[in-house]
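Structural overview for review
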Amino acid sequence: MTTPAVPRRCCLCLRCRTALFAGGVCDCGGTPQVACFEVPAEREAIVEACWGSVAEREQVRRIAQRGQRRVLATSMGSFSLGGTVAYGLAGLGPGVLVWGMLGSLTGGMLARHKGIRERKAPRGAEALPVVGDVSLRGTVVGEHHLVSPASAELCLAYSLELRVLAGDGERVMYRDAVTCGFVAELGTGEMVQVPAGRLRFADEAPEILDVDNLELEAYIDDIDPHRMPSEELYPLHFNLVREEVLFSGDEVELGGTFERETRAKNSAALYRDAAESHLRPVGVPVVRRLR
Ligand SMILES: [Zn+2]
């Protein structure tokens, strides 16, 4: 069997930061603002959406540099203070060095913490529209042809969010949710055929602490191949990863718009058997994984 193709995501909705296929239109509503990672001017628009104008980015860099200088200066000052205290208590000896190093470490950590708090955080995505009715309940069945980017699970579908934890909470920098296609067998006996492509997950995905860094780096390189190693303010900046994964056999609820597709089982049996029918999503279907 050939692997169902999930087109590469090379574009981004600047409003909700959803990854899109080439030429894709986002379903988050409002005026469409889509930019492609592979077109330099459009990639610049993505960077600007995340980090602000060139002047604003320069300010972020200055704050970061000031923080680094503060770490160095505070470490040196703390080293001197720790050494002086040790000298006053015990005179010259190895204690001077040990206390100096402890002072340096503590001072450096305090300064770094202050620097991180001061560093300007990137701009997060706009909130997604409220999900409508998600009530077609069933069991998903299919062959696992996808590997999830964060936990490296072989699966039917995944939802990935890269976020930044800032002073006011989590900011979403990037979202991607796709499937290699599956069938959902509903409790009513009906089938829903979801083809390979995009999805929306109804609920917030769990945080992934044990991230497979190699898998995630390869994924990010594929989405944003023009990122330079020296680039500080890159679009897919994150310090928190959320991911939901769907496996064959999972119970789900589906939402969105569906149409009935009818197809004869085969031409020879056309007169004997009833036509086979199933539901098929129109647009991006919504999935809620039931636990
Ligand atoms: Zn959008």
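In what follows, the structure referred to is the one given above.
In every chain, residue numbers begin from 1 and rise along the written sequence. Totals for whole chains, interfaces and linings use every residue, but because this is a predicted model, local features are given only for residues with pLDDT of at least 70 and side-chain atom pairs only at 80 or more, for both listing and counting.

Here we take up the overall build of the chain. Scanning the chain from terminus to terminus reveals four helices and 15 strands. Burial status across the chain gives 30% buried among its 291 residues. At a minimum sequence separation of 6, the contacts of the chain that also span at least 24 residues come to 68%. The numbering of helices and of strands both runs from the N terminus, where a helix is a DSSP run of H or I of at least 4 residues and a strand a run of E of at least 2. Neighbour density around each residue's C-beta defines its exposure: 20 or more other C-beta atoms within 10 Å make it buried, 12 or fewer make it exposed, and counts between make it partly exposed, where C-beta atoms are placed from the backbone. Here, residues touch in the contact sense if the C-beta positions derived from the backbone fall within 7 Å of one another.

Attention now moves to the nonpolar core. Note on terminology: a nonpolar core is any set of buried Ala, Val, Leu, Ile, Met, Phe, Trp, Tyr and Cys residues joined through C-beta atoms within 7 Å. The biggest cluster of nonpolar side chains holds 49 residues, and the ones touching the most others in it are Leu-12, Ile-46, Leu-156, Ala-157, Tyr-158 and Leu-246. At five residues, helix 1 (residues 40-51) tops the list of elements feeding residues into this core. The residues contacting Ile-46, other than those within four sequence positions of it, are Leu-12, Leu-14, Ala-35, Phe-37 and Pro-235.

So, about the sheet that holds strand 1 (residues 9-13). One open sheet accounts for three strands, arranged 2-1-3; its pairing is antiparallel. The sheet is open, and its two borders are formed by strand 2 (19-21) and strand 3 (34-36), each paired with just one other strand. On average, adjacent strands in this sheet sit at an angle of 45° to one another, irrespective of strand direction. By the convention used here, strands pair only if DSSP detects at least 2 bridges between them. Fitting a line to C-alpha atoms yields each axis, with helices limited to the stretch in contact; the angle taken between N-to-C directions then spans 0 to 180 degrees.

Moving on: the sheet that holds strand 11 (residues 197-198). A sheet is described by the order of its strands in space; here four strands give the open sequence 11-8-7-13, paired in antiparallel fashion. The outermost strands of the open sheet, each flanked by one partner alone, are strand 11 and strand 13 (240-246). The sheet contact formed by strand 8 (residues 169-179) and strand 11 spans two bridges and is antiparallel. Paired with Val-178 across the two strands is Arg-198, which belongs to strand 11.

So, about helix 1. Any helix carries an expected span of 1.5 Å times its number of residues minus one. Given a rise of 1.5 Å per residue, 12 residues ought to cover 16 Å, and the 16 Å separating the end C-alpha atoms of helix 1 matches this to within 8%. For helix 1, the complete set of buried residues consists of Ile-46, Val-47, Ala-49, Cys-50 and Trp-51. Downstream of helix 1 by one or two residues, Gly-52 has phi in the positive range, about 90°.

Here we take up the pairing of strand 1. Where burial is concerned, most of strand 1 is hidden: four out of the five residues are buried. Strand direction decides the pairing type here: strand 1 and strand 2, joined by three bridges, are antiparallel. Counterpart to Arg-9 in the pairing with strand 2 is Phe-21. Between strand 1 and strand 2, which pair antiparallel and follow one another directly, the connecting turn spans five residues, one of which, Arg-17, has a positive phi of 60°.

With that settled, consider the environment of Met-173. With respect to the helices, strands and loops of the structure, Met-173 is situated in strand 8. The contacts of Met-173, once residues within four sequence positions are left out, are Arg-17, Cys-50, Pro-122, Gly-124, Ala-125, Leu-162, Arg-163, Val-164, Leu-236, His-237 and Phe-238.

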